[in-house]
Amino acid sequence: MIITIIYEEFLFFHELSRDWIDRKVVYSTLLLYRRQLVLRYLSISSSVLTNKKVIKMSRPLHRGAPAIRVTSSSNDLLDSQVKEQTEKEELDRNQSSHRSRHRLTMLLLKSSLVVIVILALTGSFWWTLSISTSSRGHIFHSSRRLQEQLVSDLWDIGELSFGTSRMKEIEFCPGELENYIPCFNVSENLDSGFSDGNEYDRVCRQGSRQNCLVLPPMNYKIPLRWPTGRDIIWVANVKITGQEVFTSGSLTKRMMMLEEEQISFRSASLMFDGVEDYSHQIAEMIGLRNESNFIQAGIRTILDIGCGYGSFGAHLFSEQILTICIANYESSGSQVQLTLERGLPAMIGSFSSKQLPYPSLSFDLLHCARCGIDWDKKDGTFLIEVDRVLRPGGYFVWTSPLINVQSSLRNKEKQKRWNFVRDFAENLCWELMSQQDETVVWKKTSKKTCYNSRKSGSGPSICSKVQDVEFPYYRPLQNCIGGMHSCRWVPIEERATWPSRSNLNRSELALYGLHLDELNEDTANYRIIVRNYWSLLSPLIFSDHPKRPGDEDPSPPYNMLRNVLDMNARYGGLNAALLEARKSVWVMNVVPTTGPKYLPLILDRGYFGVLHDWCEAFPTYPRTYDMVHAEGLLSLESSQHWRCTMVDIFTEIDRMLRPEGWIIIRDTALLIDSARVLTRRLKWEARVIEIESNNDERLLICQKPFFKRQPS
């Protein structure tokens, strides 16, 4: 059997080098062949090990000579001794022969492993040299990655052939990396010459990722269930000190009260600048009776820039308003980390030099309350980026001491800065709706004709079609007005209000190149999927899982999951089904840069989403999601010739996931088998579940254990 595999390996690479020229066929065939070879080798190894165990179990049946009855006759005694000696020598010969055959089998197995690795490497190299010069570099890079994966898999199998009971596990990260976020290293950026706020940018250098498991802080505790966890969090779970709490200048940060082990957030206060009074003031400035009328005014999604600790969004959540916090990377006292710990949407993002990873015309309202951004800097480029992501007819709310009229009159520098922002907003065709105390509200125009009616040379120009990119991914900030060429230019007043907005009609779907039947089928499928997920997770969590014995799925509004990350969101079907099932969750819908670009559809349905490359780290702090969902992501990455390894993706999932958090992966049976083997190295508890309606796919459900850090 082993000789056959070696011979097939030689023939495979010979035929590959002679006939196969198409790169896509070569890559997919190499990947498929590698996985099949691994599975066949596993089968052989398991068979040998099983036989080895059988041999060990059968040895007692052959040990020692049969019982000899001793008589008084010397001849009988002599005959008996001779017979006993003969049988013993025969038994020893049999055992020696048996051991020799076993050693020969194991030696052949190990030798074949070495031969296969050598043939795989030399055969692929021979094939690489024989292809055309024009495509040699690209193919060699991808085939070398496949070789590395092949060697890694065969090495793991080799551990089985040596009798190792478990494969090498991924090690834990050092203690200083408990809040580790790859691609954010301020000191390295400063050394590289970044300054003026650019040192906080996301820079993914080669080798910035560390494939280790991030441990929680020393006294970490499982967060309280929503909605209790919205207002009370454990101090040990976040990197913040009491001094940082009390010296904070933001009004939402002052809504906190530090206790011995907990931080309590108050969404309402008797103070004049309480969050409830503040949001009520904004509604009145827009022309509404109160914040409960935001939905009727077309406001569903809000981007909160420099959000404090998310109290503004926490208050509006009860009004079905989805508010996402975005703030700079902070090594401690992080706004994003505390907001996510409260079960509220947040991610790291910066206005300093790059465009935000959202399409144009994505949000109904942008909010900045003492967010620390100097809107008058860089010739108004930051305001242009606000205009790009704001929908026609949307609102920009800014609260700052700079707006205070009395203060500005006494300070000429402040007055100059305020005048610049006010005049620049007018040149962007924003209407100044109201100004009260330190807060001002602008409304973006709903009419494109406004831009043509401006005075010649006043304000930024309109971007050309080449400049007006629909899907910017950390693209440099532009100094021209974007979104003007988009077919999605629809004023918020003309859009359906929430929740009808989530069900787009036939003509609206045509803007995204999608048919109504496709969306309806996706919605129906996810209704069933969510029902099955919940029924699977409930017994796994609350019945046979030892960490919370006797606990049951709490009734609404309490929920066993709150923060959900969908790594390949497609149309946002998981998000829609969870809300339809009245699950009190929010979903970070991620659209991979390598897949179909349906992010505008997700945002226009009233959900939140972002563009991301999963071969890079996601811009969030560790332990921020309760569940990670990935349907078809592994197939998508394998179709891209595995630009990064499955280990890279899975260690990133582990970093983002909270202890006792859940991973649900749905993909082809072959990829799920590979992923299942990898879960052992990550120390996840995993189960593979067959899907009745689809024999070609499997479901992998995993839970991340809670490993407590030991005192050093």
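Residues numbered from 1 in each chain as written. Predicted model: local features only at pLDDT ≥ 70, side-chain atom pairs only at ≥ 80, totals over all residues. Heavy atoms only, no water.

**Side note on the overall build of the protein**
A tally of helices and strands in the protein yields 21 helices and 17 strands. Burial statistics for the protein: of 712 residues in total, 53% are counted as buried. Taking the contacts inside the protein whose residues are at least 6 apart along the sequence as the reference set, 71% of them involve residues at least 24 apart. (Helix = DSSP H or I, 4+ residues; strand = E, 2+ residues; numbered from the N terminus. Buried < 20%, exposed > 50% of the residue type's maximum accessible area, 1.4 Å probe, protein only. Contact = heavy atoms within 4.5 Å.)

**Considering the environment of Val-591**
The topology assignment puts Val-591 in strand S12 (residues 586-592). The class of Val-591 is buried, set by a relative accessible area of 2%. For the pair formed by Val-591 and Leu-611, sequence separation is 20 residues and the distance between their alpha carbons is 5.0 Å. Those residues within four positions of Val-591 in sequence are excluded, and the remaining contacts are Pro-596, Lys-597, Tyr-598, Leu-599, Ile-602, Val-610, Leu-611 and His-612.

**Concerning the layout of surface pockets**
If a probe the size of a water molecule is rolled over the atoms, the empty space left behind becomes visible. Roughly 780 Å³ of volume is contained in the largest pocket. Forming the boundary of the largest pocket are 30 residues, of which Gln-320, Trp-498, Leu-579, Arg-582 and Lys-583 lie nearest the centre. For the lining of the largest pocket, the elements supplying multiple residues, two or more each, are helix H16 (516-542), helix H17 (573-580) and S12. Broken down by element, the residue count for the lining of the largest pocket peaks at 4 residues, all from H17. Class assignment for the residues of the lining of the largest pocket results in 16 nonpolar, 7 polar and 7 charged. Domain assignment of the residues forming the lining of the largest pocket places at least three in each of domain 1 (238-256 + 271-453) and domain 2 (499-544 + 554-704). (1 Å grid on protein atoms, 1.4 Å probe; cavity = no way out; pocket = protein on both sides within 12 Å on 5 of 7 lines; lining within 4 Å. Points joined across faces, edges and corners; volume = space filled by probe spheres on them. Nonpolar A, V, L, I, M, F, W, Y, C, P; charged D, E, K, R; others polar. Domains from an automatic or database assignment.)

**A few points about the environment of Pro-705**
With respect to the element layout, Pro-705 can be found in the segment after strand S17 (694-703). For Pro-705, a relative accessible area of 11% translates into the label buried. The spacing of Pro-705 and Trp-684 is 21 residues in sequence and 6.4 Å in space, taken between C-alpha atoms.

**Some details on the pairing of strand S5 (residues 322-327)**
Along S5, 6 of the 6 residues are buried, which leaves the element largely enclosed by surrounding structure. Bridge count for strand S4 (residues 301-305) against S5 is 5 bridges, and the pairing is parallel. If you follow Leu-303 over to S5, its bridge partner there is Ile-324. Where the polypeptide runs from S4 across helix H9 (residues 311-317) and back to S5, its parallel neighbour, the crossover connection is right-handed. Remark: the S5/helix H10 (residues 335-341)/strand S6 (residues 346-348) crossover connection has right-handed handedness. (Pairing = 2+ DSSP bridges. Right-handed = clockwise from strand over helix to strand, strands pointing away.)

**Structural notes on empty space enclosed by the protein**
Throughout the structure, instances matching the rule amount to 9 cavities of 30 Å³ or more. A volume near 120 Å³ is recorded for the largest cavity. Together, 14 residues line the largest cavity, and Asp-201, Arg-202, Gly-349, Ser-350 and Tyr-474 are the ones closest to its centre.

**Structural notes on the sheet that holds strand S16 (residues 685-691)**
Reading across from one edge, S13-S12-S11-S14-S15-S17-S16 is the order of the 7 strands in this open sheet, with mixed pairing throughout. Looking at which strands have only one partner, the edges of the open sheet turn out to be strand S13 (609-612) and S16. For this sheet, the mean angle separating the axes of adjacent strands, direction not counted, is 20°. Alignment of strand S15 (residues 657-668) against S17, held across 7 bridges, turns out to be antiparallel. (Axes fitted to C-alpha atoms, helices over the stretch in contact; angles between N-to-C directions.)

**Description of the nonpolar core**
Among the nonpolar cores identified, the biggest contains 89 residues, and Trp-375, Phe-396, Trp-398, Met-588 and Phe-650 are the most heavily contacted of them. Tallying contributions element by element places helix H20 (residues 646-656) first for this core, with 6 residues. Counting contributing residues per domain, this core is built from domain 1 (238-256 + 271-453) and domain 2 (499-544 + 554-704), each supplying no fewer than three. Residue contacts for Met-588: discarding those within four places in its chain leaves Ile-324, Ala-346, Met-347, Val-564, Leu-565, Asp-566, Phe-608, Val-610, Phe-618 and Tyr-625. In terms of nonpolar packing, the next biggest core, distinct from the first, is built from 29 residues, Phe-312, Val-397, Val-441 and Ala-569 among them. (Core = buried A, V, L, I, M, F, W, Y, C linked by side-chain atoms within 4.5 Å.)

**Regarding the packing of aromatic side chains**
Under the criterion given, the structure shown has 25 aromatic pairs. Summarising the aromatic geometry, the rings of Phe-184 and Tyr-329 are spaced 5.5 Å apart at their centres and angled 20° between planes, so their arrangement reads as stacked. Here Tyr-329 lies in the loop between S5 and H10 and Phe-184 lies in the loop between helix H4 (133-161) and helix H5 (186-191), a separation of 145 residues in the sequence. Using a relative accessible area of 9% as the deciding quantity, one classes Phe-184 as buried. Note on Tyr-329: relative accessible area 14%, which makes it buried. On the basis of an interplanar angle of 85° and a centroid distance of 5.8 Å, the ring pair of Tyr-220 and Phe-706 is categorised as edge-to-face. Placement of Tyr-220 in the loop between H5 and helix H6 (228-231) and of Phe-706 in the segment after S17 is noted, with a sequence separation of 486 residues between them. Exposure class is identical for Tyr-220 and Phe-706. Each is buried. Through a chain of ring-to-ring contacts, three or more aromatic side chains come together here, namely Phe-351, Trp-375, Phe-382, Phe-396, Trp-398, Trp-418, Trp-430 and Trp-442. One residue, Arg-300, lies across the ring of Trp-498, its end atom 3.6 Å from the ring centre. Over the ring of Phe-172 we find Lys-683, and its NZ or CZ is 4.7 Å from the ring centre. (Phe/Tyr/Trp six-rings, centres within 6.5 Å; stacked < 30°, edge-to-face > 60°. Lys NZ or Arg CZ within 6 Å of the ring centre and 35° of its normal.)

**Details of the confidence of the model for the protein**
Averaged over every residue, the pLDDT of the protein is 78; the share at 70 or more is 69%. Note that pLDDT drops below 50 for residues 1-31; the model gives that stretch 58 contacts with residues more than four away or on any other chain. Segment residues 154-166 is flagged for pLDDT under 50; beyond a separation of four residues in sequence, or across chains, it makes 21 contacts in the model. (pLDDT = per-residue confidence, 0-100.)

**Some details on the sheet that holds S6**
Taken in spatial order, the 7 strands make up an open sheet running S6-S5-S4-S7-S8-S10-S9, and their pairing is mixed. Among the strands making up the open sheet, the edge pair consists of S6 and strand S9 (430-436). Across this sheet, the average inter-strand angle for adjacent strands is 20°, counted without regard to direction. Here strand S8 (residues 390-399) runs beside strand S10 (residues 439-444); their pairing, made up of 5 bridges, is antiparallel. Opposite Thr-399, over in S10, you have Thr-439 as the bridge partner. Strand contacts of helix H11 (residues 381-389): strand S7 (363-369), S8, S9 and S10, with the helix running at about 135° to S8, the strand carrying the most contacts.

**Observations regarding the pattern of salt bridges**
Following the criterion strictly, the structure yields 26 salt bridges and no others. The salt bridge partner of Glu-470 is Arg-488, with a shortest N-O separation of 3.1 Å. Residue Glu-470 is located in the loop between helix H14 (449-452) and helix H15 (506-510), and its partner Arg-488 is located in the loop between H14 and H15; the two are separated by 18 residues in the primary sequence. Glu-470 sits in the partly exposed class, given a relative accessible area of 24%. Residue classification places Arg-488 among the buried residues on the basis of a relative accessible area of 3%. Salt-bridge contacts for Asp-604 lead to Arg-495; the nearest nitrogen and oxygen are separated by 4.0 Å. (Salt bridge = Lys/Arg side-chain N within 4 Å of Asp/Glu carboxyl O.)

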